[in-house]
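Breakdown of the fold
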Amino acid sequence: GTPRWDSVRLLLAIQAAWGLSREVADYIAAYLNADVKEDLYVEQPVGFVVTGRNGVRLYLHMLCSLYGLVQSGCNWSNRRNVLFKSVRLTQSIHDECVFFRRGIKPGENGFVALCVHVDDSLTIGKSEDIRSLREELNKLIKLEVATDSYYLGAAITDISGGIKMDHTKYIARMLVTHDITTRQ
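A few points on the structure. (Residues numbered from 1 in each chain as written. Predicted model: local features only at pLDDT ≥ 70, side-chain atom pairs only at ≥ 80, totals over all residues. Heavy atoms only, no water.)

1. Description of the packing of aromatic side chains
In this structure the tally under the stated criterion is three aromatic pairs. For the pair Tyr27 and Trp76, a centre-to-centre distance of 5.9 Å together with 50 degrees between the ring planes defines the contact as tilted. With Tyr27 in strand E1 (residues 21-27) and Trp76 in helix H2 (residues 72-86), the pair connects residues that are 49 residues apart, well separated along the chain. Using a relative accessible area of 1% as the deciding quantity, one classes Tyr27 as buried. A residue is classified by how much of its surface remains accessible, and Trp76, at 2% relative accessible area, is buried. Plain terms: the ring middles of Tyr27 and Phe84 are 6.1 Å apart, the flat faces sit at 50 degrees to each other, and that makes the pair tilted. With Tyr27 in strand E1 and Phe84 in helix H2, this residue pair connects regions lying 57 residues apart in the sequence. Of the two residues examined, Tyr27 and Phe84, each falls in the buried class. Three or more aromatic residues link up through ring pairs in this structure, and these residues are Tyr27, Trp76, Phe84 and Phe99. (Phe/Tyr/Trp six-rings, centres within 6.5 Å; stacked < 30°, edge-to-face > 60°. Helix = DSSP H or I, 4+ residues; strand = E, 2+ residues; numbered from the N terminus. Buried < 20%, exposed > 50% of the residue type's maximum accessible area, 1.4 Å probe, protein only.)

2. Overview of the nonpolar core
Among the nonpolar cores identified, the biggest contains 20 residues, and Tyr27, Trp76, Phe84, Leu89 and Leu114 are the most heavily contacted of them. Setting aside anything within four residues of it in sequence, one finds Phe84 in contact with Tyr27, Leu89, Phe99, Leu114, Val116 and Leu137. In terms of nonpolar packing, the next biggest core, distinct from the first, is built from 13 residues, Val8, Cys115, Leu122 and Ile156 among them. (Core = buried A, V, L, I, M, F, W, Y, C linked by side-chain atoms within 4.5 Å. Contact = heavy atoms within 4.5 Å.)

3. Here we look at the pattern of salt bridges
All told, the structure shown has six salt bridges when counted by the stated rule. Here Asp158 ties to Arg22 by a salt bridge, and the two come within 3.1 Å at their closest N and O atoms. Of this pair, Asp158 sits in strand E10 (residues 154-159) while Arg22 sits in strand E1; the two residues are 136 residues apart in sequence, bridging distant segments of the chain. Residue classification places Arg22 among the buried residues on the basis of a relative accessible area of 19%. (Salt bridge = Lys/Arg side-chain N within 4 Å of Asp/Glu carboxyl O.)

4. Description of the pairing of strand E11 (residues 162-166)
Sheet topology places E10 next to E11; five bridges connect them, and they run antiparallel. From the neighbouring strand, Ala155 faces E11, where its bridge partner is Asp166. Following E10, the chain reverses through two residues before pairing antiparallel with E11; Gly161 in that reversal takes a positive phi of roughly 80 degrees. (Pairing = 2+ DSSP bridges.)

5. A closer look at empty space enclosed by the protein
If you walk through the whole model with that rule in mind, you get one cavity of 30 Å³ or more. For the largest cavity, the full set of lining residues is Glu23, Ala25, Tyr27, Leu114, Ser121, Thr123, Ile130, Leu133, Arg134, Leu137 and Leu143. Those elements that place two or more of their residues in the lining of the largest cavity are E1, strand E7 (120-125) and helix H3 (127-138). Among the elements that line the lining of the largest cavity, the one with the most residues is H3, at four residues. (1 Å grid on protein atoms, 1.4 Å probe; cavity = no way out; pocket = protein on both sides within 12 Å on 5 of 7 lines; lining within 4 Å. Points joined across faces, edges and corners; volume = space filled by probe spheres on them.)

6. Some thoughts on the environment of Pro3
Here Pro3 is to be found in the segment before helix H1 (5-18). A C-alpha to C-alpha distance of 24 Å links Pro3 and His178, two positions 175 residues apart in sequence. Beyond its immediate chain neighbours, meaning those up to four positions away, Pro3 contacts Val8, Asp95, Cys97, Cys115, Val116, His117, Tyr151 and Leu152.

7. What to know about the sheet that holds strand E9 (residues 150-151)
The sheet built from three strands is open, its strands ordered E9-E10-E11 with antiparallel pairing. The sheet is open, and its two edges are formed by E9 and E11, each paired on a single side. Its contacts with the sheet put H1 on E9, E10 and E11, and the angle it makes with E11 is roughly 145 degrees. (Axes fitted to C-alpha atoms, helices over the stretch in contact; angles between N-to-C directions.)

8. Concerning H3
Here H3 spans 16 Å end to end across twelve residues, near enough to the 16 Å set by a 1.5 Å rise per residue. Considered for burial, the residues of H3 that qualify are Asp129, Ile130, Leu133, Glu136 and Leu137. In an axial view of H3, the angular spread of the buried residues amounts to 125 degrees, which keeps them on one side of the axis. Residues of H3 that are buried in the fold lie against E1, H2, strand E6 (112-117), E7 and strand E8 (143-145). (Expected span 1.5 Å × (residues − 1). Arc of directions from axis to C-beta.)

Shown next, in the form of structure tokens:
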């Protein structure tokens, strides 16, 4: 799912108010880490076709999700929720894309909260708590910490007394993508 913007803004407001750290990360090959519950068969890719006895056409039996399959997003979401639960993260009842350590308040040791969008996450907490959570999750699925601070197309920057979200780069990219670069 997609997190609500008010949830993202709330996490960033908590980060700013409590002087917490922030980390943006990507779950590497997320869909490949999700099992397929259904029996799915796909055609062999061009150039790798192997036939069975008597020239019978063979198909591949899918054992994990792939990007592009209708149910892959749901499979990954279910797998992610199981992984998060195993590291003591609780899903918010207000936004299914927000998770936190229950019973721990912002500023207390162990507090972390994160917002996920498909295979990207925005995590807030004390640096050592974020690092600890990342290490726990890395034992279960590979994470790559972003070198920039972009989340859902927004550049997130710490400024004096708060946090700034800027969509300029995203908007410029969308204008080019949709060929709306000149005003008519």
